[in-house]
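# Understanding the architecture of this molecule
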Number of protein chains: 2
Amino acid sequence: MSDLSATSRTRHRRLREQGRTDREDLFAVLRAGFVCHLGVVADGDPMVVPTVYGFDSDHIYVHGSVASRSLAQGATVCVTITHIDGLVLARSVFEHGVNYRSAMIYGVPRALEDEEKLAALECLTEHVAPGQWDYARRPNRKELAATTILAISLEEASVKVRQGPPEDADDPHDVWAGVLPLATSWRRPVTDPLATRPIPDHVMRRAETPL
Amino acid sequence: MSDLSATSRTRHRRLREQGRTDREDLFAVLRAGFVCHLGVVADGDPMVVPTVYGFDSDHIYVHGSVASRSLAQGATVCVTITHIDGLVLARSVFEHGVNYRSAMIYGVPRALEDEEKLAALECLTEHVAPGQWDYARRPNRKELAATTILAISLEEASVKVRQGPPEDADDPHDVWAGVLPLATSWRRPVTDPLATRPIPDHVMRRAETPL
């Protein structure tokens, strides 16, 4: 895949200057988080569910139990990933906004089975918590059967990014203007009171690596 | 309004023990953030858009330009607000999860006009950036016309919260288990290079108040 597609759904119609067309921008957004908002149509109405995800070069994999129950065969879903980087405090209320990085992916999900499901669950687990696939107990047959993993192609996707100061410096209303940054960061791991082992290195590394 | 409703859409069917039924839980989730994911059905497919919100005792108000363009008259939307508090690193991959607080609101939005729109925009602005409504320049007639604010009743809503350590202490796989907390916090305001005024007190207060 090269550039991001521009279908009728993913063409940037509004705030066009915030649209990105490089596929690497999509991966940058995907790498920076692990929870997406999965939108499905259920009984004609939209339903938006937060869920964890992983991805490879071609697909995003989502934990889809709630959504897949409501999902008609062959129906399209929308996966949105959003990182909020700050408030844009402009001179005018109208120019107030948010600094953010966001991706939307449209596709018809495929519920994975057997080896594909296991591989996608490894991908997802390693994205969310690198090192845990080899450290924790892997799913047995019964647990794997009780897990729903959906694969959605990254083919139809769009990315929007807004960064930087407000854009109304020409406004006659002479007040302070700027950005109030917002940052998401890991804290020190909290050991389960019932656990007896020390915190493993891979968890400490995750805690010390910025999101 | 007293307890949260339990319609067919908001009844907790899965992970029922994570469901909350107190209306105050809904307001706690609403207070803790300012960006929601707004789900609409557009041409039969779901579309999930991040957008800012405010709320009062009866309604959530969302900035709805993208969504409203695609929204059929009388169509239901789903507004989801999610706060991620940490990774739950269990002994088994199957029990891995996320500590979170999440609310879903279903309703038929009403596009506000005139005085109602202005009041909702003040509510939204003051929720996102307390003090800015009196400090920044308020929208003129043209700007207000170019702004879409949707009001959605809080009547049909559900809240889910998951906190605490993993729940597989009885798993024979003897490894470390616990939670890797994730925290979102304000950083020091960044002044627009083109601004000449000092950072006002209300912005400093916002920066120093935990989300």
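One can find the structure itself at the top, above this paragraph.
The structure presented is a predicted model; accordingly, all values stated were derived computationally and were not measured.

### Description of the overall build of chain A
Within chain A, the regular secondary structure consists of six helices and 11 strands. Expressed along its principal axes, the backbone C-alpha trace of chain A runs to roughly 65 × 45 × 35 Å. Burial status across chain A gives 56% buried among its 211 residues. Long-range pairs, those at least 24 residues apart, make up 69% of the contacts in chain A with a sequence separation of at least 6. Of the accessible surface of chain A, which amounts to about 9500 Å², a share of 49% is contributed by carbon and sulfur atoms. For chain A, the separation between the mean place of its 24 positive charges and that of its 29 negative charges on side chains is 4 Å.

### A word on the interface of chain A and chain B
Each partner contributes residues to the interface: chain A has 87 residues there, and chain B has 87 residues. Between chain A and chain B, the buried area comes to about 7200 Å², and carbon and sulfur atoms account for 66% of it. Linking chain A with chain B are six salt bridges, by the criterion used here. The biggest single contributor to the side of chain A that touches chain B is strand β10 (residues 178-186) of chain A, with nine residues. When its residues are assigned to classes, the side of chain A that touches chain B shows 52 nonpolar, 19 polar and 16 charged. Where strand β11 (residues 190-191) of chain A and strand β10 (residues 178-186) of chain B come together, two bridges link them in antiparallel fashion. Bridge pairing links Thr191(A) to Gly178(B) in β10(B).

### Some details on the relation of the copies chain A and chain B
Overlaying chain A with chain B gives an RMSD of 0.0 Å, the required rotation being 180° about an axis along which the chain moves by 0.0 Å. Both copies of the chain, as the preceding transformation shows, are related through a two-fold rotation axis. Rotation axis and chain A: the residue whose C-alpha lies nearest the axis is Thr184(A), separated from it by 2.1 Å. Same-surface contact between copies: 100% of interface residues of chain A are shared with the interface of chain B.

### Quick look at the packing of aromatic side chains
Two aromatic rings are characterised by how far apart their centres lie and by the angle between their planes. All names here are of chain A. Using the criterion set out here, one finds four aromatic pairs over all chains in the structure. Plain terms: the ring middles of Phe27 and Phe55 are 6.0 Å apart, the flat faces sit at 25° to each other, and that makes the pair stacked. Here the residue Phe27 occupies a position in helix α1 (residues 23-31), and Phe55 occupies one in strand β3 (residues 45-55), the gap between them amounting to 28 residues. Accessibility assignment for this pair places Phe27 and Phe55 in one class, buried.

### Some thoughts on the nonpolar core
For soluble globular proteins, nonpolar side chains are generally found buried alongside one another. Ranked by size, the top nonpolar core spans 62 residues in total, and within it Leu30(A), Ile60(A), Ile105(A), Leu30(B), Ile60(B) and Ile105(B) carry the most contacts. Beyond its immediate stretch of four places on either side in the chain, Leu30(B) contacts Tyr53(B), Phe55(B), Ile60(B), Ile81(B), Ile105(B), His127(B) and Leu154(B).

### Let's talk about the pairing of strand β6 (residues 97-107) of chain B
All names here are of chain B. The element β6 is extensively covered by neighbouring structure, given that nine of its 11 residues are classed as buried. Bridge analysis of β6 against strand β9 (residues 156-162) gives seven bridges, and the strand direction is antiparallel. Each residue of the ladder has a partner; that of Arg101, found in β9, is Val161.

Criteria and cut-off values
Residues numbered from 1 in each chain as written. Chains lettered and ligands numbered in written order. Predicted model: local features only at pLDDT ≥ 70, side-chain atom pairs only at ≥ 80, totals over all residues. Heavy atoms only, no water. Helix = DSSP H or I, 4+ residues; strand = E, 2+ residues; numbered from the N terminus. Buried < 20%, exposed > 50% of the residue type's maximum accessible area, 1.4 Å probe, protein only. Contact = heavy atoms within 4.5 Å. Areas by Shrake-Rupley, 256 points an atom, 1.4 Å probe, with all protein chains shown as cover. Lys, Arg positive; Asp, Glu negative; His and termini not counted. Charge placed at Lys NZ, Arg CZ, Asp CG, Glu CD. Buried area = accessible area lost by both parts, 1.4 Å probe. Salt bridge = Lys/Arg side-chain N within 4 Å of Asp/Glu carboxyl O. Nonpolar A, V, L, I, M, F, W, Y, C, P; charged D, E, K, R; others polar. Pairing = 2+ DSSP bridges. Least-squares fit on C-alpha atoms with pLDDT ≥ 70 in both. Phe/Tyr/Trp six-rings, centres within 6.5 Å; stacked < 30°, edge-to-face > 60°. Core = buried A, V, L, I, M, F, W, Y, C linked by side-chain atoms within 4.5 Å.

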